[in-house]
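Here is what each chain is made of, one letter per residue.
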Amino acid sequence: MSKIRLFIDFGSTFTKAVAFDLDKEELLARTQAPSTVDHDVAAGLDSALAEMKKIIPLSETEISRAVATSSAAGGLSMLCIGLVPEYTTEAGRLAALGAGAKVTGTYSYELSVSETEEIKKAKPDIILLTGGTDGGNKDVITHNAEILAKTGAAAGHIIVAGNKSASFRISEIFENAGISAHLTENVMPELGKINFEPVNKLIREIFLGHIIHAKGIARIDSIIDGVLMPTPSAVLEAAKLIALGIPGEMNGMGELLLTDVGGATTDVYSIAAGYPMQEGTVMVGLPEPYEKRTVEGDLGLYHNLDVLTDIARADGAAVGGEPEPDEETLMSLRSARSVPGTPKQEKLQMMLTRLAVKAAVERHAGSIERLVTPGGMIRRQRGKDLTGLKLVIGAGGPVSFSPDPRRVLEGAAGGSENSVALKPEAPNFFIDSKYILFAIGLLSRDEPQKALNIAKKYLKQV
């Protein structure tokens with residue numbers, strides 16, 4: 001008898017269900033239904049499961065053992081407040097993204113009145129307050145804590161991950177204001193040294209303990225085993241497994257770049273060191289994490305069609321010189337929730353997906369600055385050099401089910417002599433052909449070998 005494992009993803013556009021036969025290490029079925037996060041998350045789940053039952057028999061036990069991820073309503077929104085943009089603010093941003101949050105704004109130095117008003121209007125799920133190395137500047141992070149406490153900046157949670165010397169005073173400030181704040185280790189205890197894991201862990205705990213309930217996902221606890229992590233965290237786990245394999249047991253496929261185009265965001269992951277490829281290049285800024293994720297909240301293919309269309313019209317050459325999108329096709333694609341039903345819709349979606357991939361990877365990759373000095377040209381690198389990567393993976397419905405996924409993924413490739421973005425120059429392109437990477441990440445927690453075998457089986461070169 002086959003060993004069936006069921007996995008669910010509550011996405012911003014669709015709720016997906018994936019069933020694996022672990023004995024045969026193969027996909028049995030994958031279904032989806034429009035997400036219903038606005039009123040009842042369980043309704044979308046019921047629809048996805050009903051479709052799956054038409055394909056394979058599912059017992060109540062198998063359904064009750066199912067585990068899930070969630071990026072419903074676009075994921076966990078977060079604002080980062082730090083001291084210096086290039087250091088503590090950036091360290092906080094990278095920590096948040098690595099934990100699966102969507103950073104919707106960053107602020108540095110002492111908060112101004114206008115910035116405080118922006119934060120109040122934004123109403124993020126989490127505010128991450130950083131600033132100062134341990135034993136360093138205490139004034140700025142203390143000032144910002146006082147401002148947040150006085151104005152009652154509307155955030156579900158406040159995390160403090162700054163100078164430990166200011167922790168006691170900041171704790172007092174929030175306590176006196178009746179605000180519960182989560183204090184953890186400094187995200188940058190020393191200049192240039194980053195400490196992501198404590199913040200990552202706390203963000204994930206907040207997500208599981210509070211945010212998923214606020215978004216209504218707790219109602220599905222009576223149907224399945226529960227939501228284990230944000231969807232981006234699961235995809236990151238899948239990317240790590242594919243790249244690194246299981247040390248001492250199974251080889252991975254090597255360093256990689258993965259781009260995941262969704263309805264609300266386009267996420268990019270790199271599992272790579274990203275060290276300079278050319279001699280004489282000087283690194284500037286913070287060291288990059290080996291396992292890096294960035295999220296572009298303005299490049300989601302359903303929620304940001306207007307933004308993508310404006311970019312396409314402003315620079316058609318960036319997407320290969322395709323004709324400008326027409327309003328009628330754009331409106332019909334929006335009505336179809338970015339699931340093309342006609343050749344014109346399909347062509348438009350493919351163009352916009354390629355543009356989303358191109359823009360998101362350019363933002364994720366490092367950049368190079370060439371300076372001419374009396375001693376010759378100097379190359380200064382900020383971020384990762386990904387030019388030598390040989391593996392680029394495309395994921396997300398608009399990529400996985402595109403009629404020409406290679407054309408879409410070419411937006412991730414570099415090669416232009418004038419480009420400052422250090423994108424892969426001559427990669428091999430693969431796609432998550434069945435759109436199952438979130439399930440691979442979940443399965444890798446307790447069955448890493450089977451997860452890796454299944455992942456390799458359904459990664460298709462294009």
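Fair warning: this is a prediction, and the values are worked out from it, not measured in the lab. (Residues numbered from 1 in each chain as written. Predicted model: local features only at pLDDT ≥ 70, side-chain atom pairs only at ≥ 80, totals over all residues. Heavy atoms only, no water.)

How should I be thinking about the overall build of the protein in this particular structure?
When helices and strands are tallied, the protein shows 15 helices and 19 strands. Looking at the 462 residues of the protein, the share that counts as buried comes to 55%. Sequence separation of at least 24 residues holds for 71% of the intrachain contacts in the protein that already meet a minimum separation of 6. Accessible surface, the protein as shown: approximately 19,200 Å² in total, 49% of it carbon and sulfur. (Helix = DSSP H or I, 4+ residues; strand = E, 2+ residues; numbered from the N terminus. Buried < 20%, exposed > 50% of the residue type's maximum accessible area, 1.4 Å probe, protein only. Contact = heavy atoms within 4.5 Å. Areas by Shrake-Rupley, 256 points an atom, 1.4 Å probe, with all protein chains shown as cover.)

What am I meant to see in unusual backbone geometry here?
Peptide bonds are, in most cases, trans, and in most cases residues other than glycine have a negative phi. Of note, Lys123 is a non-glycine position whose phi angle comes to about 50°, a positive value. Along the chain, the position of Lys123 falls in the loop between α4 (113-122) and β7 (126-129).

Before we go on, may I ask you to explain the packing of helix α5 (residues 139-151) against helix α6 (residues 167-176) in this structure?
When two helices pack together, their arrangement is given by the angle between the helix axes and the distance between those axes. α6 packs onto α5 with a crossing angle of 10° between their chain directions and a minimal axis gap of 9 Å. In terms of their interaxial angle, α5 and α6 are classed as roughly parallel. Along its contact with α5, which presents Ile141, Thr142, Ala145, Glu146, Leu148 and Ala149, the element α6 presents Arg169, Ile170, Ile173 and Phe174. The class makeup of the residues in the contact of α5 with α6 is seven nonpolar, one polar and two charged. (Axes fitted to C-alpha atoms, helices over the stretch in contact; angles between N-to-C directions. Parallel < 35°, antiparallel > 145°, perpendicular 65-115°, else oblique. Nonpolar A, V, L, I, M, F, W, Y, C, P; charged D, E, K, R; others polar.)

Is there a simple way to think about the packing of aromatic side chains in this case?
What characterises a pair of aromatic rings is the spacing of the ring centres plus the angle enclosed by the ring planes. Following the criterion strictly, the structure yields two aromatic pairs and no others. Consider the rings of Phe7 and Phe20, whose centres lie 5.8 Å apart with planes at 55°: the pair is tilted. Taken as a pair, Phe7 in strand β1 (residues 4-10) and Phe20 in strand β2 (residues 14-21) lie far apart in primary sequence, 13 residues in all. Take Phe7: its relative accessible area is 0%, and that puts it in the buried class. Its relative accessible area of 0% is what places Phe20 among the buried residues. (Phe/Tyr/Trp six-rings, centres within 6.5 Å; stacked < 30°, edge-to-face > 60°.)

Which parts of the structure should I look at to understand helix α8 (residues 231-244)?
The end-to-end C-alpha separation of α8 is 20 Å, in line with the 20 Å expected for 14 residues at 1.5 Å each. Counting buried positions over the 14 residues of α8 gives 11, a clear majority of the element. When α8 is considered as a whole, its buried residues turn out to be Thr231, Pro232, Ser233, Ala234, Val235, Leu236, Ala238, Ala239, Leu241, Ile242 and Ala243. Looking at the residues trailing α8, positive phi occurs at Gly245, about 70°. (Expected span 1.5 Å × (residues − 1).)

Even after reading the chapter, I still don't get the sheet that holds β7, so can you show me in this structure?
Within a sheet, adjacent strands bond to each other through the backbone by hydrogen bonds, running parallel or antiparallel. Judged by pairing direction, the sheet is parallel, and its five strands sit side by side in the order β6-β5-β7-β8-β9 without closing on themselves. Since the sheet does not close on itself, it has two edges, and those belong to β6 (101-108) and β9 (181-183), each with one partner. Averaged over neighbouring strand pairs, the angle between their axes works out to 20° when direction is ignored. The pairing of strand β5 (residues 76-82) with β6 spans seven bridges and is classified as parallel. By the bridge assignment for β6, Ile81 is matched with Tyr107. The strands that α5 touches are β5, β7 and β8 (157-160); relative to β7, the one it contacts most, it runs at about 155°. (Pairing = 2+ DSSP bridges.)

Please clarify how the nonpolar core should be interpreted in this entry.
Soluble globular proteins: nonpolar side chains tend toward being buried together. Core analysis: the largest hydrophobic core is formed by 46 residues, its most contacted members being Leu6, Ile8, Phe10 and Ile224. Counting residues per element, this core draws most heavily on helix α1 (residues 41-53), which supplies six residues. One finds Ala238, Leu241, Tyr269 and Phe438 within the second-largest nonpolar core, a separate group that totals 38 residues. (Core = buried A, V, L, I, M, F, W, Y, C linked by side-chain atoms within 4.5 Å.)

Mind showing me how you'd approach the pattern of salt bridges here?
Side chains bearing opposite charge may pair, as long as their charged atoms lie close to each other. Summed over the entire model, instances satisfying the criterion amount to 18 salt bridges. One connected set of salt bridges, linked through shared partners, spans Glu146, Arg169 and Glu172. (Salt bridge = Lys/Arg side-chain N within 4 Å of Asp/Glu carboxyl O.)

Could you clarify how one ought to interpret the pairing of strand β10 (residues 226-230) in this entry?
Regular strands show a simple pattern: their side chains alternate between the two faces of the sheet. Most of β10 sits inside the fold, with four of its five residues counted as buried. The sheet contact formed by strand β4 (residues 67-70) and β10 spans four bridges and is parallel. Across the sheet, the residue bridging to Thr69 is Met229, located in β10.

How should I be thinking about the sheet that holds strand β16 (residues 376-382) in this particular structure?
The strand order across the open sheet built from three strands is β13-β16-β15, with neighbouring strands paired in mixed fashion. The sheet is open, and its two borders are formed by β13 (281-284) and β15 (367-373), each paired with just one other strand. On average, adjacent strands in this sheet sit at an angle of 30° to one another, irrespective of strand direction. Looking at chain direction, β15 and β16 are connected through seven bridges and run antiparallel. Note that in β16 the partner of Leu371 across the bridge is Ile378.

Help me out: how do you make sense of the pairing of β1 in this one?
Of all seven residues that make up β1, seven are buried, and the element is covered over most of its length. Burial along β1 is two-sided: the face carrying Ile4, Leu6, Ile8 and Phe10 and the face carrying Arg5, Phe7 and Asp9 are both buried. Judged from the seven bridges that link them, β1 and β2 form a sheet pairing that is antiparallel. Following the sheet pairing, Ile4 is matched in β2 by Asp21.

Would you take a moment to explain the environment of Ala356 for this structure?
Within the secondary structure layout, Ala356 lies in helix α11 (residues 343-364). Residue Ala356 is classed as buried on the basis of its relative accessible area, which comes to 0%. Put simply, Ala356 and Glu296 are 60 residues apart on the chain and 9.0 Å apart in space, counted from C-alpha to C-alpha. Sequence-distant contacts of Ala356, that is, excluding residues within four places in its chain, are made with Thr266, Leu299 and Leu308.

Shape is all these values report; function is a separate question.
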